[in-house]
Amino acid sequence: MEITFESLWPLLLLLAIPFVWWVRRSTRIDLSARQVSISTGIRSAIVCLMVLALTQPTLRRAESHVSVVYALDVSHSVAPSAVEEAIEWIRQTNASAHPSHSAYVAFAANARTFSSLEDLRNAPASIDAIAPGVIRQGGTNLAGALEQAERSLDPHELKRIVLLSDGNGNGNSGALAPALSRLRAERARVFTRPMEVRAAHDVWVEAVKAPPTVTAEEQFPLEVHVYSQAPMDAVVEVRDGAKTLGKRSTHLNPGMNRIAFETRVPDPRGPVALEAVVEPAEDTFAANNSLREPLTVNPQPRVLYVEGHAASARYLREALALEGFLVDIAGPGNLPQNPAVLDRYDLVILSDVEGKLFSPGQMQALASYVRELGGGLILACGENIYGQGGYTKTPVEAALPVTFDVSRKKPPTVAMVVVMDNSGSMNGGKIELAKLAARAPLELLRDTDRFGVMSFNTFFTWVSPLAPVTNRNAISTAISSVGAGGGTDGYPAMDAAFQALNAVPDEIKTILFLTDGRTQLRDYKTLTTKMTQAGIHVTTVAIGAGADRELLADISMWGKGRAYYVESATNVPQIFVRETELAMDKALHEAPFNLLVRKPVEAFKGINFKAAPNLLGYVATKPKSTSEILLSESIAGDPVLARWQYGLGKTALFASDVKDRWAVNWLQWDGYPKFWAQLARETMRRRNSEFDLRVRRAGDHAAVTVSAIGRDGLFRNTLDIKARMFGPDRRVTAFDIPQTGPGNYETRVDLDHAGPYTFGAGDPGTELSQAAPDSYPEEFHFYPVDFETLESVSHETGGRFEPSPTDIMDTGGETIKAPHALWPWLASMALIAFLVDLLLRRLRLFDAKS
């Protein structure tokens, strides 16, 4: 027991007591001195009592009275019969326990306190209504219920809360911890009792898992989570309005089932809400069989595709179009020289284009498009992009994550044989140009390289046997002596060239086969296959319409070389020069190879590179210090796919090609479209990236968030963001979204009606929209009783699970110091003393003389 005082300053008023005695000396009342002294003493006592009352003294005494609050879950997930049973249990428990104080809380998404059990039974409750005083049965807030119960306890008695619930509820796990911490601090014990859930044989759509943002016509993964209380068959469908995006028949196991879809949505005219619907074979509650999820759909991305070989552009274009891209194809001469024109595209792809075909202005525009405008650039290599050539030390190479300078200390040795047709049809200008072409490699080959020339008609002749290039004049003179005449049979000459090359140890071996006619039919496929197995490549040149172009194309394909067709022999020397450059270039690797994944990234999601066919060649490059190497050649480790950030944009280099030469096997691989689509999406510039609107609906309110990051990568702060809300009642509500952090703006908006809402933020015409669809309430999830949560709540607060009335009232020797205010007693005593003093003024108790 102890006494405390609220304030001590009133003690100064005790100084009035001497004044009371001083005044007594000059009193004129005709009373005896003894009676005046008694009266003055009483008045002094009155002053003392009033002064002590003003200090507000409190007597604190240990007591063991118990205050009990019963918190009853009336959410929709609880069976109505369970609520009635719980009310009857509360009635019997309270009657047998006889607590000093009791109160009753009904709760679901919100909570209310009632003074009697009958008032609790008659409490207004609704699934849909959002109004003051109504228990909203569409959710369960255990933390809010415990807080409401704690506020309803008598603060000066031992605190007991009895929680009756199924233990399920949205967001309970995160909110319960601080609520239980407060209850422990208040020494409030919670006793829990489970309640039966409403349905026992139900199926519902739990969630729709999709990317928050997709682009129109983009194929994207989607999962529908379906919860089943029993095993059964069902049909799961995904819709966009009236359009079916996917439909699957499946068998549902008890518990959570995840049904995967690959789908796409068309270019929308407004916010999109995906709807997942489950149609079970049998069901007890149909209101939870569909769920809507908002989806932000950006317009289809635009790609400018510049292909060096126009006839091969269809492979990548069709793959990207299949994945939802709008692809414009252009030749090198059509690449814009103005970055503002390129800004209409989200991505530029250059494929196997010689650098010399671009002007300095075009290259500079590409670099500016990436660096300043945040565009994306992918350079896919091929036989026209090799070594230190057209891209070295250009703005395009500066933008790429690699350089083409891969110089070696020791260059590879080359062995080359020219097999040229000198039949009668080659007479005249053709044979002279052919001889000029045969002499062209002599100017490029080194003395350590080997070179040979043979001619063929009905028979073949070694014009200059395969030997090191040490006497160029003699080789040139021998070539000049070739004449034209006879028939056409190239097979023996090719076989002889094969035998000669197979006998030398050089690193690079190649045959240049030239004809203007139709050679006799032989088994060229077997011969050229043997050549490629021996590391010898065959390139063919067909002159004029009389040449057997189909056979020559097959020979070059079997021989892993290139096939040329020219109307006139005028261009043949340039072809031979180019082929010699290719043969000598150490950066060009034409042989099948396996890929090695160096770094798993989002662009590789869902792609099985182990099942990918071999690529047949690549260009060696040197990665820059800050680039990311994603794919490499499995043995040499040369980069095949590299990327990096360049200014505001991204660039990537693919060292192989995208078409029917090195990637010919990839064209039949089902991962080809997905690989290029995902790489393109990871590299391209994201439209509307400065603002990102998100709306999250939670019960009777919505959290609206805007992230603002400029195209320069910096946060956009101090913006005046206006937003609008379109309600199901057709009313438009305008509101501001205040800034809450760097580049982050957030607010909470109350939802007054059931139904779908749409939110918009930004200026008209460029406004971002997001739907907040009205799906079924959280309480339509009929999970089994969460015994773990209920037991945890009891354990954390020192209560018991499934208590008896004795358990609830058992104090265990626990007491609480209950305060008792003393000032009313002191004030009452002062009043009594005052009345006695009045009585003494009217009665004469002693003789005046005394």
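Before any of the text, the structure's been laid out above.
Residues numbered from 1 in each chain as written. Predicted model: local features only at pLDDT ≥ 70, side-chain atom pairs only at ≥ 80, totals over all residues. Heavy atoms only, no water.

### Looking at the environment of Ile385
Convention followed: Numbering of helices and strands runs from the N terminus; a helix is a DSSP stretch of H or I covering at least four residues, while a strand is a stretch of E covering at least two. Accessibility here uses a 1.4 Å probe with only protein chains present; expressed as a share of the type maximum, an area under 20% marks a residue as buried, one over 50% as exposed, and anything in between as partly exposed. Any two residues whose heavy atoms approach within 4.5 Å are treated as being in contact.
Structurally, Ile385 can be placed in the loop between β21 (376-380) and α10 (395-399). Classification of Ile385 by relative accessible area gives buried; the value is 2%. In sequence terms Ile385 and Ser656 are 271 residues apart; their C-alpha atoms lie 9.9 Å from each other. Once residues within four sequence positions are removed from consideration, Ile385 is found in contact with Asp352, Val353, Leu379, Ala380, Tyr391, Phe404 and Val619.

### Examining the sheet that holds strand β33 (residues 628-633)
The condition is simple: Strands pair, by our definition, only if DSSP identifies at least two bridges between them. The axes used here are C-alpha line fits, helices contributing only the stretch in contact, and every angle between their N-to-C directions lies in the interval 0 to 180 degrees.
An order of β19-β18-β20-β21-β35-β34-β33-β30 is seen for the 8 strands of this open sheet, with the pairing classed as mixed. Two strands close off the open sheet at either side, each with one partner strand: β19 (326-330) and β30 (595-597). Strand-to-strand, the axes of this sheet are offset by a mean angle of 15 degrees, without reference to chain direction. Bridging between strand β20 (residues 347-351) and β21 involves 5 bridges; their strand directions are parallel. Residue pairing across strands places Ile349 opposite Ile378, the latter belonging to β21. On top of the sheet, helix α17 (residues 671-683) reaches β20, β21, β33, β34 (639-646) and β35 (649-654); it is set at about 140 degrees to β21, its chief contact.

### Brief notes about the packing of helix α7 (residues 313-322) against α17
Note the following rule: Any angle that is under 35 degrees is reported as roughly parallel, and any over 145 degrees as roughly antiparallel; angles of 65 to 115 degrees are reported as roughly perpendicular and all others as oblique. Three categories are distinguished: nonpolar for Ala, Val, Leu, Ile, Met, Phe, Trp, Tyr, Cys and Pro, charged for Asp, Glu, Lys and Arg, and polar for the others, with Gly belonging to the last.
Viewed as axis vectors pointing N to C, α7 and α17 meet at an angle of 75 degrees, and their least axial separation amounts to 9 Å. When the axis of α7 is compared with that of α17, the two are roughly perpendicular. For the pair formed by α7 and α17, the contact residues are Tyr315, Leu316, Ala319, Leu320 and Leu322 on the first element and Tyr672, Pro673, Trp676, Ala677 and Ala680 on the second. Of the residues that constitute the contact of α7 with α17, the class distribution is 10 nonpolar, no polar and no charged.

### So, the environment of Leu291
Mapped onto the elements of the fold, Leu291 is located in strand β17 (residues 290-298). Residue Leu291 is classed as buried on the basis of its relative accessible area of 11%. As for Leu291 and Glu63, which are separated by 228 residues in sequence, their C-alpha atoms are 54 Å apart. Setting aside residues no more than four positions away along its own chain, Leu291 makes contact with Val205, Glu206, Ala207, Val208, Leu274, Glu275, Ala276, Ser775 and Tyr776.

### What to know about the pairing of β34
Most of β34 is tucked away: 7 of the 8 residues are buried. Relative to β34, β33 runs antiparallel, the two being bridged by 4 bridges. Pairing of Glu628 across the sheet is with Arg643, part of β34. As paired strands, β34 and β35 are joined by 6 bridges and run antiparallel to one another. Bridge pairing in β35 links Tyr646 to Gly649. Here β34 folds back onto β35 in antiparallel fashion, the turn holding 2 residues, of which Gly647 has a positive phi close to 65 degrees.

### A word on α7
Looking only at α7, the buried set comprises Ala313, Tyr315, Leu316, Ala319 and Leu320. Buried residues along α7 sit in contact with β18 (302-307), β19, β20 and α17. With its phi angle positive at about 95 degrees, Gly324 sits one or two positions after the end of α7.

### Quick look at the side chain of His537
Checked against the element boundaries, His537 lands in strand β27 (residues 536-543). Those residues in contact with His537 that sit more than four places away from it in its chain are Lys509, Thr510, Ile511, Gly559, Lys560 and Glu590.

### As for the nonpolar core
Side chains that are nonpolar tend, in soluble globular proteins, to be buried together. Just so we agree on the cut-off: Here, nonpolar core means buried Ala, Val, Leu, Ile, Met, Phe, Trp, Tyr and Cys residues that are tied together by side-chain atoms lying within 4.5 Å of each other.
Tyr391, Trp666, Phe675 and Trp676 are the most contacted members of the largest nonpolar core, which has 77 residues in total. By residue number, the principal contributor to this core is α17, which donates 6 residues. When neighbours within four sequence positions are excluded, Trp676 is seen to be in contact with Leu316, Leu320, Ile378, Ala380, Phe654 and Val658. In terms of nonpolar packing, the next biggest core, distinct from the first, is built from 34 residues, Tyr227, Ala276, Val278 and Tyr783 among them.

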